Amino acid sequence: MLDRVLQQIDDDLPASLDRLFTLLRIESISTDPAYRDKVAAAADWLAEELTGLGFDASVRPTTGHPMVVAHDATATAGPHLLFYGHYDVQPVDPLSEWATPPFDPRIETVDGAKRIVARGASDDKGQLMTFLEACRAWKAVTGKLPAKVSILFEGEEESGSPSLVPFLRANVDELRADVALVCDTGMWSRERGAITIMLRGLVGEEVTISAADRDLHSGMFGGAARNPLHVLSDILARLHDADGRVTVPNFYDGVAEVPDDVKAIWDTLGFDADAFLDTVGLTTPAGEAGRTVLEQIWSRPTCEVNGIIGGYTGEGFKTVIPAKASAKVSFRLVGDQDPEKVRENFRAFVTGLLPPDCRVSFASHGGSGATRLPFDGPFLAGARAALTDEWGIEPALVGGGGSIPVVGDFKRELGMDSLMVGFGLDDDRIHSPNEKYELSSFHGGIRSWARILGQLGG
Ligand code: BES
Ligand code: ZN
């Protein structure tokens, strides 16, 4: 039976691609209010697709962007699975760096391999469509799914998931399943699958420092007036010490060393740090001293400045001392680091460094703790077997440097573990210009989910 499903997937690949392209054309940028209708259009399109597949699907409004929820009850046995993906995407800027328009998907061939180029191709529209297409194939061949499947598609993942927890709380009984399947992570390599068992958490903060009550002439006042841009840069520069450690007091509370047995597994993976950096034009690890690159991205917390705003940045030149300056700062968290404590400690640290005449204000951009999943269990075993069958080699059990807040929220709100299986690659340029998804990721991803559904459905 599985063979027929896989054959169906292979035969239907061109049509699957057409459907993905339709979704990729919808400009569902969640963080920018100007795209609100586009985000809604993506939700509507997905709900229609799911309805067409026989799911009981609906678009569910929230105070932010809508959720898409769908249920299929054709299975006669097996566990209840809740699949999660997000249909929103990151902004496209800088637009001028895209070789072709970001919402005009195309196939490009590089070194003989085909890839899909568009914003959201890898994060996360291509990924969520792998599951949908796997369901389509099972239905086409058998008329049903091998397990009871529910689906939750979110439209706010890239902007901090503000509506997610209230939505989960309001729909506990509808959404609770035996396990969540989350498709928003990567493969180990082009040829080898991966199951992600740890992810970092995230704290987002925006800090604004102001001094004089207006912008000033930098000749008339320069030397006498406090410059908020200087104050801000000075404080930002003090966030790390010379060894790359974060200096915010108590920041490392809850950070544990990776156990030796886990490190031993990582050592067998054959990670090539030089090649990893080389894919983005870098040569030298810049993080905490004395840590391998894998540790730096998987198991160590960080502080990054993501944006600085202030002063005159237009064409030409303006001799100004700005009245205020601000920065967007994020922290990646590991282990038991508490997002709200990190936020509090950061705010106290900044406030403590303020010179006279300066005021500071803070805005939160959300927070979520790190995730660590069990190394065993029946669902993990089933997924391992399925991925081994598809790729011809055991999947790597990996960490991930990014954050997927829903995984922690599923655990806390619904008591549900997640199985994180995804098909992105490190060089997919997610969040960057010219984002792409390998055709082998899309095709192999659909086949992988078909196998996982078969395995878990038993
Ligand atoms: N798909 C990523 C998360 C990811 C990236 C996992 C790389 C593993 C490896 C996700 O869509 C994402 O970018 N999340 C944001 C979360 C934030 C906006 C709350 C992130 O990690 O910055
Ligand atoms: Zn994503």
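About the cut-offs
Residues numbered from 1 in each chain as written. Chains lettered and ligands numbered in written order. Predicted model: local features only at pLDDT ≥ 70, side-chain atom pairs only at ≥ 80, totals over all residues. Heavy atoms only, no water. Donors = N, O, S within 2.8 Å, 3.2 Å for Na, K, Ca; no water. Tetrahedral: all angles 85-135°; square planar, octahedral: opposite > 155°, others 65-115°. Buried < 20%, exposed > 50% of the residue type's maximum accessible area, 1.4 Å probe, protein only. Helix = DSSP H or I, 4+ residues; strand = E, 2+ residues; numbered from the N terminus. Contact = heavy atoms within 4.5 Å. Polar contact = N/O pair within 3.5 Å; in protein donor to acceptor, adjacent residues only side chain to side chain. Near = heavy atom within 4 Å. Areas by Shrake-Rupley, 256 points an atom, 1.4 Å probe, with all protein chains shown as cover. Nonpolar A, V, L, I, M, F, W, Y, C, P; charged D, E, K, R; others polar. Pairing = 2+ DSSP bridges. Axes fitted to C-alpha atoms, helices over the stretch in contact; angles between N-to-C directions.

(A) Inspection of the coordination of the zinc ion (ligand 2) at higher detail. Around the zinc ion (ligand 2), the donor atoms from the protein are His86 (NE2), Asp123 (OD), Asp184 (OD) and Asp184 (OD), and they sit 1.8 to 2.6 Å away. Coordination geometry of the zinc ion (ligand 2): the six donor atoms subtend angles of 53 to 160° at the metal centre, consistent with an arrangement described as irregular. Residue classification places histidine 86 among the buried residues on the basis of a relative accessible area of 0%. Accessibility expressed as a relative area gives 8% for aspartate 123, which makes it buried.

(B) A look at the environment of tyrosine 312. The residue tyrosine 312 is located in the loop between strand S11 (302-310) and strand S12 (320-321) in this model. For the pair tyrosine 312 and proline 322, spaced ten residues apart in sequence, the C-alpha to C-alpha distance is 7.8 Å. With residues up to four places along the chain from it excluded, the contact list for tyrosine 312 reads Phe317, Lys318 and Val320. Within the structure, tyrosine 312 has its side chain in polar contact with the backbone oxygen of glutamate 315 (distance 2.5 Å).

(C) Fine view of the site of ligand 1. Close to ligand 1 lie 14 residues, the nearest being Glu157, Asp184, Arg332, Ser403 and His431. Here serine 403 contributes a backbone N or O atom positioned 2.9 Å from an oxygen atom of ligand 1. Relative to its unbound accessible surface of 520 Å², ligand 1 loses 82% to contact with the protein. Looking at the shell around ligand 1 residue by residue, the classes come out as four nonpolar, five polar and five charged.

(D) Here's a closer look at the sheet that holds strand S14 (residues 359-368). If you walk across this open sheet you meet the four strands as S11-S13-S9-S14, and the pairing is antiparallel. The open sheet has two edge strands with one neighbour each: S11 and S14. Mean inter-strand twist for the sheet, computed between neighbouring axes without regard to direction, equals 15°. Where S11 meets strand S13 (residues 324-333), eight bridges bridge the pair, whose relative direction is antiparallel. The residue bridging isoleucine 308 from the neighbouring strand is alanine 327, located in S13. Set on the sheet, helix H6 (residues 228-237) makes contact with strand S9 (201-210), S11 and S13; between it and S13 the angle comes to about 15°.

Functional significance is not addressed by these values, which are geometric in nature.
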